[in-house]
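# Structural characterization, general
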Amino acid sequence: MIVDLASDIRVWLAVAVASAAYLLRPSKAPFPVINEYPGDYFNKRALKEAQDNVRSLIEHGFARYPDKPFAIKVPYGYKIILPASLANWVKSKRELDHVQLVRDEYFAGLPGFESQTVLHHPDEYVKRMITTKLGQNDSTMPALNTALAAAIDDLWGPSQDWHMLNWHADTMGIIARAASTVFVGPEKSSDPEWLSLVQDYVLSYFGAVGDLHKYPVWSRRIVNWFLPNASRCRRLQVQARVIIEDVLSKRRAAVNKAQVEGKQPPVYNDALEWGQKDPECKHHPADMQLALAMAAMFTTSEMFRQILIDVARHPELVQPLRDEVKQKLSTHGVTVAATSNMVLLDSVMKESQRLSAPPAVVERAVLKDTALPDGRVLPHGSHLLVDATHLGSKDVYPDPEEFDGYRFLHKREAGDKSSSFVQSSPDFLVFGAGRHICPGRFFAANELKLALAHILLKYDIRHAEGSGDGKPWSSGFFAVVNPLVKVEVKRRADDGAAEFLA
Ligand code: HEM
């Protein structure tokens with residue numbers, strides 16, 4: 001009998017599957033789990049709550065365990081939630097790592113995801129370029145300004161009658177064209193093929209990340225080969241390489257020709273050229289382009305949409321914003337000084353960010369067992385986030401549900417140095433914290449302010465009736481702009497924009 005069983009391949013298969021299931025079982029949560037329910041044997045309710053109601057789970061968790069860590073069950077694991085009081089501690093701990101987190105959660109290292117691999121490469125080349133060249137660079141303002149003018153004209157049109165925007169495409173299109181002018185340069189920044197490729201890549205990449213999360217951790221390196229979004233990323237990456245290599249070979253030819261003819265060679269001022277000129281840059285230029293697009297376009301477009309919704313829902317802010325924009329542009333021209341001095345617009349943007357922030361921020365992977373200040377241990381391999389629900393708490397912000405465009409301006413005027421859009425503080429970690437704080441936030445702020453300056457001066461804007469309440473939706477640990485909202489615009493008869501934005 002035993003001999004018969006031992007020679008039956010099905011028995012060995014069953015043993016192998018059972019052993020794999022045991023070895024690969026999710027580790028036990030090291031802290032109390034907040035979304036465990038009696039009778040929920042297959043975690044159906046737990047995972048639904050984690051997907052739809054993470055904010056309530058976190059609030060409930062801290063009501064039960066004030067200022068103490070707890071865990072939330074998610075597909076194939078747990079997330080540990082730390083109280084906001086530990087934000088500075090998290091920021092300072094090198095064992096709590098962002099790069100490993102990106103490998104685990106955003107799949108840097110998978111084929112087709114080279115954008116993410118390059119962005120988080122140990123040489124930190126792309127980050128350095130963003131910080132040193134892209135941030136607040138006056139020399140890129142004329143190109144950014146021209147691109148925004150053209151993109152908004154093309155996408156929002158000249159009609160002086162109210163018309164509905166093709167909301168998603170028209171907002172991402174504006175951001176993609178503005179950013180591309182500084183990333184890829186003049187040849188491709190308004191080329192429909194390239195713009196569609198980068199936007200397609202960004203959407204496919206985030207789609208693929210979502211798809212992969214539905215599969216057990218151990219299987220993701222295999223299933224990515226069969227998932228449509230991941231396959232699309234691989235295809236688009238190959239196409240991007242062909243297009244960018246062609247641009248570079250034409251640039252080289254133009255320089256050679258100018259030299260032969262004794263003329264001044266063309267000068268380029270974009271990320272493509274910065275990388276080419278820098279002997280330290282070891283990455284494929286197309287992968288860097290996709291890396292910049294992936295980091296910049298989705299995040300900035302989402303922020304752009306939320307700010308537009310908030311401005312449309314608060315018409316009382318429009319005239320003061322227009323006055324400020326005109327005044328700063330006429331004093332400083334189209335420069336970083338002008339956008340930096342648009343302090344009411346800055347306050348409106350930060351208020352939009354406060355009310356659309358995710359409920360937990362600064363996600364990190366634990367590289368080795370790490371003791372919390374109270375002695376309890378964060379186990380190696382676990383993932384944690386820091387609570388950010390206080391951004392909607394009346395203890396921190398009076399009338400927290402109200403959109404108050406002047407909120408952060410008043411704080412700034414009262415001397416609070418952390419109240420500007422790009423500033424991070426232990427209370428406001430929406431751009432992250434510590435070594436991995438978003439290096440693109442200065443570029444994003446500048447680009448958004450210039451885009452909004454064009455829009456405020458050139459268009460009236462309103463929230464289409466009956467199209468949702470404008471409040472963001474929750475999707476797992478993310479907050480996304482309410483997809484039901486629709487926005488209408490009409491071109492102003494006499495916008496006078498040319499005078500200020502020339
Ligand atoms: C409003 C727009 C943006 C938002 C809300 C945003 C948000 C974030 C957040 C939350 C992080 C993680 C920080 C952490 O965990 O400590 C991050 C990282 C990053 N962001 Fe942004 N970002 C935006 C725009 C941009 C832009 C325009 C760029 C590039 C031009 C960019 C490049 C990056 C890079 C390279 C990282 C990784 C930093 C690292 O690993 O050290 N971001 N961003």
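As the structure is a prediction and not an experimental result, all values here were calculated from the model. (Residues numbered from 1 in each chain as written. Predicted model: local features only at pLDDT ≥ 70, side-chain atom pairs only at ≥ 80, totals over all residues. Heavy atoms only, no water.)

The next thing to look at is the sheet that holds strand E12 (residues 487-491). Pairing in this open sheet of 3 strands is antiparallel, and the strands run E4-E12-E9 from one edge to the other. Each edge of the sheet is formed by a strand with only one pairing partner; in this case those strands are strand E4 (163-164) and strand E9 (459-463). For E9 and E12, the ladder comprises 5 bridges, and the chain directions are antiparallel. Pairing of Asp460 across the sheet is with Lys490, part of E12. In this fold helix H15 (residues 285-313) packs onto E9 and E12, with an angle of close to 90° to the strand it touches most, E9. Of the strands in this sheet, E9 and E12 are in contact with helix H20 (residues 441-458), which crosses E9 at around 95°. (Pairing = 2+ DSSP bridges. Helix = DSSP H or I, 4+ residues; strand = E, 2+ residues; numbered from the N terminus. Contact = heavy atoms within 4.5 Å. Axes fitted to C-alpha atoms, helices over the stretch in contact; angles between N-to-C directions.)

Under the criterion given, the structure shown has 10 aromatic pairs. Centroid distance Phe113 to Tyr205: 5.1 Å. Interplanar angle 75°. Geometry classified as edge-to-face. Taken together, the residues span a long stretch of sequence, with Phe113 in the loop between helix H6 (98-106) and helix H7 (114-119) and Tyr205 in helix H11 (residues 192-212) at a distance of 92 residues. Side by side, Phe113 and Tyr205 carry an identical accessibility label, which is buried. Here the aromatic cluster, defined as three or more aromatic residues joined through ring pairs, consists of Phe113, Tyr201, Tyr205, Phe206 and Phe298. The ring of Phe428 carries Lys350 above its face, with NZ or CZ at 4.0 Å from the centroid. In this structure, Arg354 packs its charged tip against the face of Tyr397, placed 4.9 Å from the ring centre. (Phe/Tyr/Trp six-rings, centres within 6.5 Å; stacked < 30°, edge-to-face > 60°. Buried < 20%, exposed > 50% of the residue type's maximum accessible area, 1.4 Å probe, protein only. Lys NZ or Arg CZ within 6 Å of the ring centre and 35° of its normal.)

As a further point, take the packing of helix H10 (residues 167-183) against H15. At their nearest, the axes of H10 and H15 sit 9 Å apart, and the two run at 135° to each other. Relative to H15, the element H10 is oriented oblique. At the point where H10 passes H15, the crossing takes the right-handed sense. Only Gln289, Leu292, Ala293, Ala296, Met297, Thr300, Ser301, Glu302, Phe304, Arg305, Leu308 and Ile309 of H15 make contact with H10, whose side of the interface consists of Trp167, His168, Thr171, Met172, Ile174, Ile175, Ala176, Ala179, Ser180 and Phe183. The residue inventory of the contact of H10 with H15, partitioned by class, reads 14 nonpolar, 6 polar and 2 charged. (Parallel < 35°, antiparallel > 145°, perpendicular 65-115°, else oblique. Left-handed = near helix turned anticlockwise from the far one by under 90°. Nonpolar A, V, L, I, M, F, W, Y, C, P; charged D, E, K, R; others polar.)

In this section: H10. Taking 1.5 Å per residue, 17 residues should reach 24 Å; H10 reaches 24 Å between its end C-alpha atoms and fits that length. Within two residues after H10, Gly185 carries a phi angle of roughly 95°, on the positive side. (Expected span 1.5 Å × (residues − 1).)

A separate point is the UniProt feature "binding site: heme" (unreviewed entry) in the protein. The feature "binding site: heme" (unreviewed entry), as annotated in UniProt, sits at Cys438 in this numbering. Residue placement: Cys438 occurs in the loop between helix H19 (407-413) and H20. (UniProt positions renumbered as here; feature names shortened; annotations may be inferred.)

Every other side chain in a regular strand lies on the same face of the sheet, so the side chains alternate between the two faces. Most of strand E5 (residues 360-366) sits out of view: 7 of its 7 residues are buried. One ladder, built from 2 bridges, connects strand E3 (residues 96-97) with E5; its direction is antiparallel. Following the sheet pairing, Leu96 is matched in E5 by Val366. Of the strand pairs in this sheet, E5 and strand E8 (residues 383-387) are connected by 4 bridges, and their pairing is antiparallel. Residue pairing across strands places Ala360 opposite Asp387, the latter belonging to E8.

Let us look at the nonpolar core. With 110 residues, the main nonpolar core has Phe113, Trp156, Phe183, Met297, Phe304 and Leu329 as its most contacted residues. Counting residues per element, this core draws most heavily on H15, at 16 residues. Residues contacting Leu329, with those up to four places away along its chain left out, are Val334, Ala338, Met342, Ala453, Leu457, Phe500 and Leu501. Core analysis: the second largest hydrophobic core is formed by 23 residues, Leu86, Ala357, Val361 and Ala388 among them. (Core = buried A, V, L, I, M, F, W, Y, C linked by side-chain atoms within 4.5 Å.)

This brings us to the environment of Pro69. Looking at where Pro69 falls in the secondary structure, it is placed in the loop between helix H4 (54-64) and strand E1 (70-74). Exposure remark for Pro69: the relative accessible area of 4% places this residue in the buried category. Taking the C-alpha atoms as reference points, Pro69 and Lys458, separated by 389 residues in sequence, lie 49 Å from one another. When sequence neighbours within four positions are dropped, the list of residues in contact with Pro69 reads Phe31, Pro32, Ile80, Ile81, Leu82, Pro83, Leu372 and Arg376.

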